[in-house]
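Fold and geometry: a report
Read off the chains here:
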Amino acid sequence: MTFIAKPKLHHPTLPQNALCFTRRDYEGKISTLCAGCGHDSISAAIIQACWELNVEPHRLAKLSGIGCSSKTPDYFLGQSHGFNTVHGRMPSVLTGANLANRELLYLGVSGDGDSASIGIGQFVHAIRRGVNMTYIVENNGVYGLTKGQFSATADQGSTSKRGVVNADSPIDLIGLALQLGATYVGRGFSGDKAQLVPLIKGAIAHRGAAFLDVISPCVAFNNHAGSTKSYEYVRAHNEAVNRLDVIPEREEIAVDYPAGSTIEVEQHDGSRLRLHKLAADYDPRDRIAAMNHVQQRQARGEVVTGLLYVDAQAEDLHTHLNTVATPFNRLGAAELSPGSAVLAKINAGFR
Amino acid sequence: MVSVPVVAPVVAPLSACNDFVIKFANVNGSGSASANELFAKSILRMGVPVSPRNIFPSNIQGLPTWYEVRVNEQGWLGRRGGVDLMVAMNPQTWDADLKEIEPGGYLLYDSTKPLPRSKFRDDIQLLGVPLTDICAQNYTVARERQLFKNIMYIGALSVLLEIEPGVIETLLGEQYRGKEKLLDANRKAFHLGRDHVLQHMAHPLGLRVQRADNVGEKIFLDGNTAAALGCVYGGATVCAWYPITPSSSLAEAFQKYCMKYRVDPASGANRFAIVQAEDEIASIGMVVGAGWNGARAFTTTSGPGISLMNEFIGLAYFAEIPVTIIDVQRGGPSTGMPTRTQQSDVLACAYASHGDTKHVLLLPQDPTECFEFSAAALDLADRLQTPVFVLTDLDIGMNQRLCEPLQWDDARVYDRGKVMTAEELEAGRDFGRYKDVDGDGIPYRTYPGTHPSKGAYFTRGTSRDPYARYSERGPDYVYNMQRLLHKFDTARSLVPAPVLRAAARPTRHGAIFYGSTSPAMAEAMTLLERDGLLLDTLRLRAFPFPDSVREFIAAHDVVYVVEQNRDGQLRSLLINEFDLDPARVPAVLHYDGTPITARFIAGAIAERVGAAGSGR
């Protein structure tokens, strides 16, 4: 509940982006999550990414399901329309919204309970349809809003705050997304904003189903020894495969890396993804190799992060459905009704 | 004990012109459907109204299926009950099929293999045609031997019933245009059937078809096709659905007509998007998302789908999002009778979802109204910013029905409801997403992306204040719930009005009915009037009920509520909404999965009136 009004004052020298917006213009209401919650860091990263990308806030629609993560769209992009839907069903609502107006950007925010348990069916199908969206799972391995039950992404053998050991196998959303045909797949950590912001920027610039699994520790219920989703554990086991720079169209490349140490990918909007290799043999353009790499490291208890896979020239649902360029919500009877003369012909066929 | 041989009473063969019921008993997947439809259409083309009904199993091949055709010059299109001529092509159902024949009726059967006398009845006329034998002599391919039996019995019937052969030849020509080989083969089978009867059997029967002029401009189509056309004309651009009998053909028809009439000629791109979702929850979710974002969207389903959609229906009600749901009802509960008809989702739709909810229902009586109400639902959903249900059923949806031609006014503009524009926001117009500005309970909305700094709001299923700000304050919640109720009251004057049919003289008896009960009800009225029982009737076309419904009930001592479910669901709705004394609205219920008949309604009402000892 937002009882506290957020002050509107801000420092006069805050930098502005190309649209003359400061980062404050991308903020939302004051967060009601716990102090130190990883989700708030992700919200900050979303704000930063949208500010850097010069996104017009009202041209982005933010959708979510139910849970702590799904509350966050109220805490960023206050000038965007938001839709806090029902538990686990954000993907279908986002799909419908995307069909209605292909011109907006769509950001889906979900949690591990929302996407890996109640909503796994919708997660799976939205990914395989190639809905043009950025789908972020704020993954803390626990049900926070209902006070600490394991979620389906909790690792086998990890313990709850009360010491209960999780016996079930975890659902690996990255593995699923890769297998189901997501065309931009990355994993980030809420505690590493420098890595996360470019991952979000690349996802927003991507056309197609972009999926980000962001490990986001729950300070209230899953930040203890024995958890594999705690700040401490993720910091100790984070194995980034690359560092990403998102370079907008026509912008000069500022930093030079030694030859052979980077991979550059141009996305369909003209932006370039420049990946500085951290794992020498890792090529994020190879889906099967990516699956292999992630699985092997995960088996060792490592948390693989970075841009894991990208198909920069992917198609999206609108391409598959061959829809017109004009958003459906702007079409009227003149474009949609075949008219009475056609109906007279149709009637004649029924005699 | 010595048994005394019973001599069957001699029953005179039935005799009727343009007024009889013929039923085809077939095996599913044997290719009978198109032959049977050809039969029905040939009579229509002779200017005589028919009403065919498919009675089919949940099966692709092998189980019994029936096609019942009522021929009625006066235009009664409901099921009459009873069968005058049975075409018994299915040994599995032979005994039951024979029992259905009226005394004096006719049995057409395949006489290739002799059957014992005990397999027949003495009080019916036997019409044996050696179909298998004729086929074996004329065709070599096994599939053809099976398939052409169907056209052959149509040929036989055309002679027996005096259907003009030219009409059938024309229909065959239309059906197989450009497929000359198929046309010739069908024509040959048709004449083989005709020739056999002409050479070996007495003809015509007592039952006959005679050319008339009672069809006029009417058209012959099924409700699912009509509803799909209503969605095309009504401007639906997004259809999300999950296959379920008996609604699947609606989505498929939408696809077919969109491919034909909704492709941008310049770009070749589609002005529609159809998604076969992973389940009904996703279907409705997509419709909610599209509606929220300002596109006209619908889903089509049946009872089990409605059950799955419940949570989303509540969200759309509370967050006020336009949604159109076409429910082609079937026999419930659970999987129930998936290929049989019922009106048993009335309450599940009227009060769908948890918490206090009420939803708009439209109740079409035939394909013409399926077209009109589907288009109207899209307007109403936008106007009222709420889910709107079109409740049709399998009987209307999947059977071809003779009905008025579909009409569209080219001057019609879609009612997009209260949508605040960027200009209005820029001009400083106050925007409270959940604020009742006009006193009708309907707030204004904005489409996402409208204005850079005004009009954005956070849509949610949680309680909020009039400016869409999260609130758990009691007064905010109550204001909102009362406004929703007020909005529902506004809907009363926007939905299709009931249709009153007054009896020839004033009467204290009334009846209320809706949907597919309509043709049987109209006929039952004349049956009852013939017996001196007068009824005023009111055909309901929507929920919420306009005040005229309350007035109608108040103006009569007893109002029978006729419907096709076990529990009298619409009756419960009437009692609940109008706080009625249940004794004043006795239920007349038919729910065995077959469409209700005039004989049933007339009998049930006559019995009640008789039991009450009054009314004549």
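A quick note: this is a predicted structure, and the numbers were derived from the prediction, not measured.

**As for the sheet that holds strand E15 (residues 387–393) of chain B**
Residue and element names in this part refer to chain B. Here we have seven strands laid out as an open sheet, ordered E11-E10-E12-E13-E15-E14-E21, and mixed in their pairing. Two strands lie at the open edges of the sheet, namely strand E11 (273–276) and strand E21 (542–543), each paired on one side alone. In terms of strand pairing, strand E10 (residues 238–241) meets strand E12 (residues 297–301) through two bridges, oriented parallel. In the sheet register, Val 238 faces E12, and the bridge partner there is Ala 297. Set on the sheet, helix H7 (residues 223–233) makes contact with E12, strand E13 (323–329) and E15; between it and E15 the angle comes to about 155 degrees.

**Some points on the domain arrangement of chain B**
Residues and elements named next belong to chain B. Segmenting chain B into domains produces domain 1 (16–208), domain 2 (221–403), domain 3 (419–495) and domain 4 (499–612). Averaged C-alpha coordinates put domain 1 and domain 4 at centres separated by 36 Å. Taken residue by residue, the interface counts eight residues in domain 1 and nine residues in domain 4. Taken together, the residues of the side of domain 1 that touches domain 4 break down into three nonpolar, two polar and three charged.

**Things to note about the packing of H7(B) against helix H12 (residues 367–384) of chain B**
Residue and element names in this part refer to chain B. Put simply, H7 and H12 touch, their axes get as near as 7 Å, and they point 30 degrees apart. The angle between H7 and H12 falls in the class roughly parallel. The hand of the H7/H12 crossing is right-handed. Within the contact between the two elements, H7 uses Gly 223, Ala 226, Ala 227, Leu 229, Gly 230, Cys 231 and Tyr 233 and H12 uses Pro 367, Thr 368, Cys 370, Phe 371, Glu 372, Phe 373, Ser 374 and Ala 375. Residues belonging to the contact of H7 with H12 are distributed by class as follows: ten nonpolar, four polar and one charged.

**Describing the packing of helix H9 (residues 280–292) of chain B against helix H10 (residues 303–319) of chain B**
Residue and element names in this part refer to chain B. Interaxial distance between H9 and H10 falls to 8 Å at its minimum, and their mutual angle equals 30 degrees. On the basis of the axis angle, H9 is roughly parallel to H10. Viewed along their axes, H9 and H10 form a crossing whose handedness is right-handed. Two secondary-structure elements touch here, H9 through Glu 280, Ile 281, Ile 284, Gly 285 and Val 288 and H10 through Gly 305, Leu 308, Met 309, Phe 312, Ile 313, Leu 315 and Ala 316. Of the residues contributing to the contact of H9 with H10, the split by class is nine nonpolar, two polar and one charged.

**Side note on the environment of B:Asp465**
Residues and elements named next belong to chain B. Position of Asp 465 among the secondary structure elements: in the loop between strand E17 (458–460) and helix H15 (474–492). Since 18 C-beta atoms lie within 10 Å of it, Asp 465 is described here as partly exposed. Residues within four places of Asp 465 in sequence aside, it is in contact with Ser 471 and Asp 476.

**Quick word on the interface of chain B and chain A**
Listed as interface residues are 57 residues of chain B and, on the opposing side, 50 residues of chain A. Residues that form the side of chain B that touches chain A fall into these classes: 35 nonpolar, 13 polar and nine charged. Bridge count between strand E2 (residues 81–84) of chain A and E17(B): three bridges; the pairing is parallel. Opposite A:Phe83, over in E17(B), you have B:Thr459 as the bridge partner.

**Quick word on the UniProt feature "domain: Pyruvate/ketoisovalerate oxidoreductase catalytic" (unreviewed entry) in chain B**
Feature annotation in UniProt assigns "domain: Pyruvate/ketoisovalerate oxidoreductase catalytic" (unreviewed entry) to the following positions: residues 29–194 of chain B. Counted over residues 29–194 of chain B, helix gives 45% and strand 22%. Its end C-alpha atoms are 24 Å apart.

**Quick look at the environment of B:Thr112**
Residues and elements named next belong to chain B. Inspection of the secondary structure assignment puts Thr 112 in the loop between strand E6 (101–110) and strand E7 (125–129). Under the C-beta neighbour-count criterion, Thr 112 is labelled partly exposed, with 15 such atoms within 10 Å. In this structure, the C-alpha to C-alpha distance between Thr 112 and Leu 131, residues 19 residues apart in sequence, is 6.6 Å. Filtering out sequence-adjacent residues up to four positions away, Thr 112 remains in contact with Pro 130, Leu 131, Thr 132 and Asp 133.

**Observations concerning unusual backbone geometry**
Residue and element names in this part refer to chain B. Omega for the bond connecting His 203 with Pro 204 falls within 30 degrees of zero, at -5 degrees, which places this linkage in the cis form. Along the chain, the position of Pro 204 falls in the loop between helix H6 (180–200) and strand E8 (207–208). In this model, Gln 385 sits at a positive phi of 50 degrees, which is unusual for a non-glycine residue. By the secondary structure assignment, Gln 385 is in the loop between H12 and E15.

Rules of the game
Residues numbered from 1 in each chain as written. Chains lettered and ligands numbered in written order. Predicted model: local features only at pLDDT ≥ 70, side-chain atom pairs only at ≥ 80, totals over all residues. Pairing = 2+ DSSP bridges. Helix = DSSP H or I, 4+ residues; strand = E, 2+ residues; numbered from the N terminus. Contact = placed C-beta atoms within 7 Å. Axes fitted to C-alpha atoms, helices over the stretch in contact; angles between N-to-C directions. Domains from an automatic or database assignment. Nonpolar A, V, L, I, M, F, W, Y, C, P; charged D, E, K, R; others polar. Parallel < 35°, antiparallel > 145°, perpendicular 65-115°, else oblique. Left-handed = near helix turned anticlockwise from the far one by under 90°. Buried ≥ 20, exposed ≤ 12 C-beta atoms within 10 Å, placed from the backbone. UniProt positions renumbered as here; feature names shortened; annotations may be inferred.

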